[in-house]
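Next come the chains, spelled out residue by residue.
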Amino acid sequence: MMELRQLRAGYGEHMVLDGIDLALRPGEVLALLGPNGSGKSTLIRAALGLLPLAGGQVLIDGADAAALTPRQRAQKAAYLPQTRPVPNITALRMVLHGRFPHLTYPRRFRQEDYAAAMAALEQADAACLARRSMPELSGGQRQRVYLAMALAQDAPTLFLDEPTAFLDVSHQLEVGRLAGQLARQGKAVVLVLHDLPLALSTADRLAVLKGGRLLAVDGPEALCADGILNSVFGIELGRVMTDRGWRYYYL
Ligand SMILES: Nc1ncnc2c1ncn2[C@@H]1O[C@H](COP(=O)(O)OP(=O)(O)OP(=O)(O)O)[C@@H](O)[C@H]1O
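Throughout this description, residue numbers start from 1 for each chain and increase along the sequence as written. Totals for whole chains, interfaces and linings use all residues, but because this is a predicted model, local features are given only for residues with pLDDT of at least 70 and pairs of side-chain atoms are given and counted only at 80 or more.

**A look at the overall build of the protein chain**
From N to C terminus, the protein chain includes nine helices and 12 strands. The globule rule used for comparison is 2.2 Å times the number of residues to the exponent 0.38, while the radius of gyration itself is calculated over C-alpha atoms. The C-alpha radius of gyration of the protein chain comes to 18 Å, within 12% of the 18 Å expected for a compact globule of 251 residues. Projecting the C-alpha coordinates of the protein chain onto the three principal axes gives extents of approximately 55 × 45 × 30 Å. Exposed residues have 12 or fewer other C-beta atoms within 10 Å of their own C-beta, buried residues have 20 or more, and partly exposed residues fall in between, where C-beta atoms are placed from the backbone. Among the 251 residues that make up the protein chain, the fraction classed as buried is 38%. Contact between two residues is assigned whenever their backbone-derived C-beta positions fall within 7 Å. Long-range contacts, defined here as pairs at least 24 residues apart, represent 66% of the contacts in the protein chain between residues at least 6 apart. Only runs of H or I of at least four residues qualify as helices and only runs of E of at least two qualify as strands under DSSP, and these elements are numbered from the N terminus.

Structure below.
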């Protein structure tokens, strides 16, 4: 389990995050919400060790993550960033990159790495793209391949920064369902989503960031009843009970 304790981080003199305390629990989907520039991606990068901490600690299974090598950290947490370069390789080759943290000398992909990459492509509904080259894919197809790469890493914690970007509505909903499945397999899944109704119907807990501070961490019903999302985003959320539980909408 990963825990952030009194985390402070930023860029040079510009401090973005201040006093973040957050536990990423196995078996749970946590949605990270906040307006543009509130610090969501910065929080993820700091948690992953991609950005130096100005204070506080990241604990992984109770131990300070600063003592881990990048390879050990990559075995603990996978990351789908908002943007990525587009190398001229096939989708399968791209997804195999997710297996790097598991390779031992002489760093050749084994049969099990190909099997894990193909299984991840299937989970992301991208198996049919395996032989296509990355530059020739559409934005949404590419996003599904990057998602597969993060899944192929098979880490207990998964950070997906705007995983629904570029996706059509059916694949957006599919990402929500997949996050739930991964959590039921015992993973801690952190999703950055701008679609609040999707976040509220997908996540077990939601963390609301504003100006680099965590304003609330709670379940969807409590958070919606509290009205904090309305005030942070300047919107009005409504909800209706359906045979699949609460569904949320913008008024
Ligand atoms: N590489 C960087 N160098 C300097 N400042 C940065 C850098 N990346 C982000 N920032 C600043 O840090 C703050 C938080 O940015 P961050 O990307 O974490 O926000 P976010 O909540 O993920 O936003 P969005 O919803 O737009 O993706 C912003 O003020 C941004 O301008």
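**Digging into the sheet that holds strand E2 (residues 14–24)**
Strands sit in the order E2-E1-E4-E5 across an open sheet of four strands; the sheet is antiparallel. The two strands at the open ends of the sheet, each matched to only one other strand, are E2 and strand E5 (63–64). Where strand E4 (residues 55–60) and E5 come together, two bridges link them in antiparallel fashion. Within E5, the position partnered with Leu-59 by the bridge is Asp-64. Two strands are counted as paired when DSSP detects at least two bridges linking them.

**Some details on the pairing of strand E6 (residues 77–80)**
Because side chains alternate across E6, one face comprises the buried residues Ala-77 and Tyr-79, and the other comprises Ala-78 and Leu-80, equally buried. Pairing of E6 with strand E7 (residues 157–161), which is carried by four bridges, proceeds in the parallel orientation. Looking at E7, one finds that Ala-78 is bridged to Leu-158.

**What about the site of the ligand?**
Each residue gets a C-beta atom placed from its backbone. Should that atom fall within 6 Å of a molecule or strand, the residue is termed near it. Around the ligand, the neighbouring residues are Tyr-11, His-14, Val-16, Gly-34, Asn-36, Gly-37, Ser-38, Gly-39, Lys-40, Ser-41 and Thr-42. Mapped by element, the contributors of at least two residues to the shell around the ligand are E2 and helix H1 (40–48). Among the elements that make up the shell around the ligand, the one with the highest residue count is H1 (three residues). When grouped by side-chain class, the residues that make up the shell around the ligand number two nonpolar, eight polar and one charged. Only Asp, Glu, Lys and Arg are considered charged in this grouping, and only Ala, Val, Leu, Ile, Met, Phe, Trp, Tyr, Cys and Pro are considered nonpolar; every other residue, Gly among them, is considered polar.

**Quick look at the environment of Ser-201**
Mapped onto the elements of the fold, Ser-201 is located in helix H7 (residues 196–202). The exposure class of Ser-201 is partly exposed, given the 19 C-beta atoms found within 10 Å. Separated by 108 residues in the primary sequence, Ser-201 and Arg-93 have C-alpha atoms spaced 34 Å apart. Apart from residues no more than four positions distant in its own chain, Ser-201 is found in contact with Trp-246, Arg-247 and Tyr-248.

**A look at the confidence of the model for the protein chain**
On a range of 0 to 100, pLDDT expresses the predictor's confidence in each residue. When pLDDT is averaged along the protein chain, the result is 94; 100% of the residues meet or exceed 70. Both scores are given for the predicted complex: the pTM is 0.94, the ipTM 0.98.

**Points about unusual backbone geometry**
Residues other than glycine seldom take positive phi values, yet Gln-6 does so here, at roughly 50°. A residue is classified by how many C-beta atoms lie within 10 Å of it, and Gln-6, with 12 of them, is exposed. The backbone phi angle of Phe-166 is positive, close to 75°, even though this residue is not glycine. Considering the arrangement of structural elements, one finds Phe-166 in the loop between E7 and helix H6 (169–184). C-beta crowding within 10 Å serves as the criterion here: with 15 such atoms nearby, Phe-166 is assigned to the partly exposed category.

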